[in-house]
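Residue-level listing of the chains:
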Amino acid sequence: MHDLIVVGGGPAGLAAAYAAYHKGLKDIVIIERDKELGGILNQCIHNGFGLHQFKEELTGPEYANRFIEMIAATEVEVLTDTMVLEVTPEKQVHIVNQSGGYQILEAQAIVLAMGCRERTRGAIGIPGSRPAGIYTAGAAQRYVNMEGYLVGKKVMILGSGDIGLIMARRMTLEGAEVLACVEVMPYSGGLTRNIVQCLDDYDIPLFLSHTITDIRGKNRVESVVVAEVDENRQPIAGTEQVFECDTVLLSVGLIPENELSKGAGVVLDRRTNGAIVYENMETSIPGIFACGNVVHVHDLVDFVTEESIKAGDAAADYVLNQGDSAEGELLTIKNGEHVTYVVPQKVRADQVDKRVELSFRVNKVYDDSLITIQSDGEVLAKFKRTYIVPGEMEKVKLSRKVIDKIHNGEVEICVEEVQV
Ligand SMILES: Cc1cc2nc3c(=O)[nH]c(=O)nc-3n(C[C@H](O)[C@H](O)[C@H](O)COP(=O)(O)OP(=O)(O)OC[C@H]3O[C@@H](n4cnc5c(N)ncnc54)[C@H](O)[C@@H]3O)c2cc1C
C-alpha cells in the first residue's frame, strides 16, 4: 500500500507530489500516460509562465522542468508511459503499461490531476463536409511545436480561447497566413494580454459575435462561411462572408478530464465539470483530492501550482492523521448573480485559520464593478474591481471574520456593475 498515488504528471500532479513529500510522505507514486512528465506545458513553447511562482518569465517546458528537477531530487517514484484505467472509492488504482502489464495499486490517499481536453467539432456541431484540415488548436500546437509539422498555410480560427490566440501567433511566425479569429460571444474567451500580443501585434482581426456556419471542401478544407450572430447566438441571414482557406483551428473550450473521477463516484459540479471540492481540495470521497485543470480550467499555470500545493499538503495531512477527515460546521459557497462558478464549493469552517481563497468566473465583461459576499441577504464583504472578464479567473479572500458572520451555513458570491 502506497502513501499517495498522484494521477497525472502535469504541473498539478508534480506540485502536489512535491508538497506531499515535503510534508512527510515518503512512498508517493506519480502515474503519467505520456512518455514524459510536464503535461500540456511541454507543447507551450511560448513564454509567459512563472511570473507569480518564480518571478521570472519562463516558457512552458522551462516551467515544467523546474518541477521535474525538484521531483527528481526526492524519493518520489515516477511511472511514465502508464495509463490509469480506473480509480475506485476504496483507493485502488488500475494501471496498464508495457513493462508490468495490468496492475492494481493501492494507496491511503489519491490526488487526481488529469488536466483537461479540448472540445471538438462534434461537440459544437458545425455543419458542412468532413475534409482534412480541421484541428483542435491544442492538437495543431502539438504538431507544430513538438512533431515539426506545419498543419496548414491559410488558416481560420474558430473561438478566441487562449490556445486559439496563441496558435494564431505561432502559425503566423511559422509562415502561415491567419485570416481571422472568429468568436461567437461579444467578448473574447482569452486573456487580454494574449489578444494584444497574439492578434493585435500581428494585425489579425478578431470577429466578435460571429461564427462559422459552413465548412466547404472535398479532400481538404477549401473555404469557410462566416456569419454574424444575434444576441441568441443565431446566425443573421445576409451577413455571410466566404473565406478561402485550407485549415480551420478550433479553440472552443476545454473540458476537465473526469472519467476516472466519475468512475470513482466523486461528485462533480455541473458548472465546472470538475469535482466539487472542500477548502483543502478534498473531493466528496475522503482521502481523494483533486487539483489543476481537472477541477476547473485555469488560465495561468502559476495558480495551478498554488492550488496543487494545497492539495498535496492536505493529502499528506490525511495520511499522517490516519484518514481522519475534519468534521465541523460546513459552509456552502454558492454562485450568486453574474457568477458562473466558484471553487471551492464547500468550506469546513473549523479548518480555516485566517482566510480561504475563492476562485470564480463571471458571465460577461464588467468595467467598474463590486464583488460582494452575501449571506441571507446581508452583505458581509465587498471588493472593488475596475475590469472583470469571463476569460480571466478572479479571486477574493474570505477572512475568518467574515466566515464567523455567515448565517445558516450558506454564502453567495455576487457581482454588480457600479457607476463611478
Ligand atoms: C495552449 C495552452 C497555452 C497556455 N498558455 C499559458 C500561458 O501562457 N501561461 C500560463 O501560465 N498558463 C498557460 N496555459 C495553462 C497551463 O498550461 C495549464 O493550466 C496547466 O498545464 C494545467 O496543469 P494540469 O497539471 O492540471 O494539466 P495538464 O498539464 O494537462 O496535465 C495533466 C496530465 O495528466 C495526464 N493524464 C491524464 N489522464 C491520465 C490517465 N488516465 N493516466 C495517466 N495520466 C493521465 C496527462 O497526460 C497530462 O500529462 C496554457 C495552456 C494551454 C493548453
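These lines cover the structure that appears in this document, whether it is placed above or below. Nothing here was measured: the structure is a model prediction, and the numbers come from that model.

Here we look at the sheet that holds strand β27 (residues 410-417)
Two pairing modes exist for strands in a sheet, parallel and antiparallel, and in both the strands are linked by backbone hydrogen bonds. Judged by pairing direction, the sheet is mixed, and its five strands sit side by side in the order β22-β20-β27-β24-β25 without closing on themselves. Strand pairing shows two members of the sheet lacking a second neighbour, β22 (346-348) and β25 (378-385), which therefore form its edges. Across the sheet, the axes of successive neighbouring strands diverge by a mean angle of 25°, strand direction being ignored. Examined bridge by bridge, strand β24 (residues 369-375) and β25 share seven bridges and lie antiparallel to one another. Looking at β25, one finds that Leu 370 is bridged to Lys 384.

As for the pattern of salt bridges
A complete count under the given rule lists 18 salt bridges for this structure. Across the salt bridge formed by Asp 214 and Arg 216, the nearest N and O atoms sit 3.2 Å from each other. Assessed through its relative accessible area of 38%, Arg 216 is described here as partly exposed. What you see here is one network of salt bridges that share partners, running through Arg 33, Arg 117, Glu 257 and Glu 259.

Here's the deal with the sheet that holds strand β23 (residues 355-362)
Taken in spatial order, the three strands make up an open sheet running β21-β23-β26, and their pairing is antiparallel. Of all strands in the sheet, those bounded by a partner on one side alone are β21 (339-343) and β26 (394-399). For this sheet the average axis-to-axis angle between neighbouring strands, irrespective of direction, equals 30°.

Points about a nonpolar patch on the surface
On the surface, a nonpolar cluster with roughly 380 Å² of combined accessible area is contributed by Met 83, Leu 85, Tyr 102 and Ile 104. At the level of elements, β6 (83-87) and β8 (101-112) are the ones that each hand at least two residues to the nonpolar patch. For Ile 104, a relative accessible area of 46% corresponds to the partly exposed category.

Concerning unusual backbone geometry
Cis geometry marks the peptide bond from Val 343 to Pro 344; its omega dihedral reads 0°. Along the chain, the position of Pro 344 falls in the loop between β21 and β22. Positive phi, close to 55°, is recorded for Lys 55, a residue that is not glycine. Relative to the helices and strands, Lys 55 resides in the loop between β3 (47-49) and β4 (58-59). A relative accessible area of 67% means that Lys 55 is categorised as exposed. Although it is not a glycine, Asp 203 adopts a positive phi angle of roughly 55°. With a relative accessible area of 72%, Asp 203 lands in the exposed category.

Description of the site of the ligand
Close to the ligand lie 33 residues, the nearest being Ala 12, Glu 32, Ile 40, Asn 293 and Val 301. Within the side chain of His 46, a nitrogen or oxygen atom sits 3.1 Å from an oxygen atom of the ligand. Within the complex, the protein chains bury 94% of what would otherwise be the 1000 Å² of accessible surface of the ligand. Considering every element that reaches the shell around the ligand, the biggest residue donor is helix α8 (residues 301-320), with three residues.

What about helix α5 (residues 162-173)?
The end-to-end C-alpha distance of α5, which contains 12 residues, comes to 17 Å, matching closely the 16 Å that a straight helix rising 1.5 Å per residue would cover. By the criterion of burial, α5 is predominantly enclosed, with nine of the 12 residues buried. If you check which residues of α5 are buried, you get Asp 162, Gly 164, Leu 165, Ile 166, Met 167, Ala 168, Arg 169, Arg 170 and Met 171. If you follow the buried residues of α5, they end up packed against α4 (137-147), β11 (154-158), β12 (177-182), α6 (192-199) and β17 (247-250). Two residues or fewer past α5, Gly 175 is found with a positive phi of approximately 105°.

Quick word on the packing of aromatic side chains
A full pass over the atoms with the stated rule returns seven aromatic pairs. For the ring pair Tyr 135 and Tyr 143, a centre distance of 6.0 Å and an interplane angle of 80° mean the geometry is edge-to-face. With a centroid separation of 6.2 Å and 75° between ring planes, the pair formed by Tyr 143 and Tyr 149 is classed as edge-to-face. An aromatic cluster of at least three residues, connected via ring pairs, comprises Phe 54, Tyr 63 and Phe 67. A cation sits over an aromatic face here: Lys 26 above Tyr 21, 4.1 Å from the ring centre.

Reading guide: rules and limits
- Residues numbered from 1 in each chain as written.
- Predicted model: local features only at pLDDT ≥ 70, side-chain atom pairs only at ≥ 80, totals over all residues.
- Heavy atoms only, no water.
- Pairing = 2+ DSSP bridges.
- Helix = DSSP H or I, 4+ residues; strand = E, 2+ residues; numbered from the N terminus.
- Axes fitted to C-alpha atoms, helices over the stretch in contact; angles between N-to-C directions.
- Salt bridge = Lys/Arg side-chain N within 4 Å of Asp/Glu carboxyl O.
- Buried < 20%, exposed > 50% of the residue type's maximum accessible area, 1.4 Å probe, protein only.
- Patch = residues over 30% accessible without salt bridge, like charges linked within 9 Å, V, L, I, M, F, W, Y side chains within 5 Å.
- Areas by Shrake-Rupley, 256 points an atom, 1.4 Å probe, with all protein chains shown as cover.
- Near = heavy atom within 4 Å.
- Polar contact = N/O pair within 3.5 Å; in protein donor to acceptor, adjacent residues only side chain to side chain.
- Expected span 1.5 Å × (residues − 1).
- Contact = heavy atoms within 4.5 Å.
- Phe/Tyr/Trp six-rings, centres within 6.5 Å; stacked < 30°, edge-to-face > 60°.
- Lys NZ or Arg CZ within 6 Å of the ring centre and 35° of its normal.

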